[in-house]
Amino acid sequence: METTILISEFFVFGDDFEHLGDGTLKTRETLYKALNEFEFYKKYPALKKENLRKLGVCSYEAESNIVIHAKFGIIKTYANENKIKTIAKDIGPGIPKLLLALTPGFSTASEKARKLGFGAGMGLKNIQKISDFFIITSKYGKGTYLTFEIWNEEINREGIKMKIKDLIKELQLEILTKYNEEILEKNIEEAYACDLLSRVLAKANEESTWITIQTNVNVVGVAVIKRVPIIIITEGEPVPEETIKKAEENSIIIARTLNTTFELSGKLYTLLEKETK
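Presented here is an overview of the structure given in this document. Small disclaimer: the values here were computed from a predicted structure and weren't measured.

## Examining the nonpolar core
Ranked by internal contacts, the top residues of the largest apolar core, which has 35 residues, are Leu-47, Ile-75, Ile-84, Ile-127 and Leu-146. Counting residues per element, this core draws most heavily on helix α2 (residues 49-69), at seven residues. The next biggest cluster of nonpolar side chains, apart from the first, holds 22 residues, and it includes Ile-135, Trp-151, Ile-183 and Ile-188.

What follows is the structure, encoded as structure tokens:
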């Protein structure tokens, strides 16, 4: 059984460039000390030095985003035998166009931040690229919630079935609904792309991923009947609040991408085909 421990917890204040990086540095120093001085931590293969380097980069980027954009935030880092997990939550303006914010070069950093050398538009993209798992959700006018994980190599070996969390990472999806850890671990073996609800009911296999541009509340009803755990909305289509609410009530993830249905279907087919070999 995995034993998860809280490694560090620190607050981050908006516009506090003077202390930017202090929390991340302290977290990494704590882990280095634990590895070098305490035998207990050698049982945690995820805490190897290469992973601590990755943690440092990702945590610094998360800390920077709070200082640059938010009013206040908190960053917590956990570890067990298989992974390091960091959660960064802030109170701030939120990100109105999250998929655009994940595009390299896009930035809404202030003039002050730019003069200090920030605002290249690579922060979130760096976290997404370096980490093994990455999810970010944001409510406009309220704040942003970011989670990233760095895994022990042995659990990322070939032959493991595609899980929902792997799907989100590989396809770089924006998550619109609240979610729980249990559903992220669910295996995904098939997908179905269609915008006609009646055809999805008739043809889609149960527990597959559903790709569609439809966003009305009825898509959730169909997903419930077919036991679809995740619906992916293409072309960045806006999703009504009532659809998101109903999906959350039924523990269904609604994700979004800027890709067309054709583009996303090709990417997902390639991923799932690779997993079955």
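## Notes on a negative patch on the surface
Together, Asp-195, Glu-235, Glu-237 and Glu-263 make up a negatively charged patch on the protein surface. Relative to the helices and strands, Asp-195 resides in the loop between β7 (191-193) and α8 (197-203).

## Description of the packing of α2 against helix α5 (residues 123-130)
Two packed helices can be described by the angle between their axes and the distance between those axes. Relative orientation of the contacting elements α2 and α5 amounts to 155°, with a least axis distance of 9 Å. Classified by the angle between their axes, α2 and α5 sit roughly antiparallel to one another. Taken as a pair, α2 and α5 cross one another with a handedness that is left-handed. Two secondary-structure elements touch here, α2 through Lys-54, Val-57, Cys-58, Glu-61, Ala-62 and Asn-65 and α5 through Gly-123, Leu-124, Asn-126, Ile-127 and Ile-130. Among the residues forming the contact of α2 with α5, the class breakdown is six nonpolar, three polar and two charged.

Definitions and cut-offs
Residues numbered from 1 in each chain as written. Predicted model: local features only at pLDDT ≥ 70, side-chain atom pairs only at ≥ 80, totals over all residues. Heavy atoms only, no water. Core = buried A, V, L, I, M, F, W, Y, C linked by side-chain atoms within 4.5 Å. Buried < 20%, exposed > 50% of the residue type's maximum accessible area, 1.4 Å probe, protein only. Helix = DSSP H or I, 4+ residues; strand = E, 2+ residues; numbered from the N terminus. Patch = residues over 30% accessible without salt bridge, like charges linked within 9 Å, V, L, I, M, F, W, Y side chains within 5 Å. Areas by Shrake-Rupley, 256 points an atom, 1.4 Å probe, with all protein chains shown as cover. Salt bridge = Lys/Arg side-chain N within 4 Å of Asp/Glu carboxyl O. Lys, Arg positive; Asp, Glu negative; His and termini not counted. Charge placed at Lys NZ, Arg CZ, Asp CG, Glu CD. Axes fitted to C-alpha atoms, helices over the stretch in contact; angles between N-to-C directions. Parallel < 35°, antiparallel > 145°, perpendicular 65-115°, else oblique. Left-handed = near helix turned anticlockwise from the far one by under 90°. Contact = heavy atoms within 4.5 Å. Nonpolar A, V, L, I, M, F, W, Y, C, P; charged D, E, K, R; others polar.

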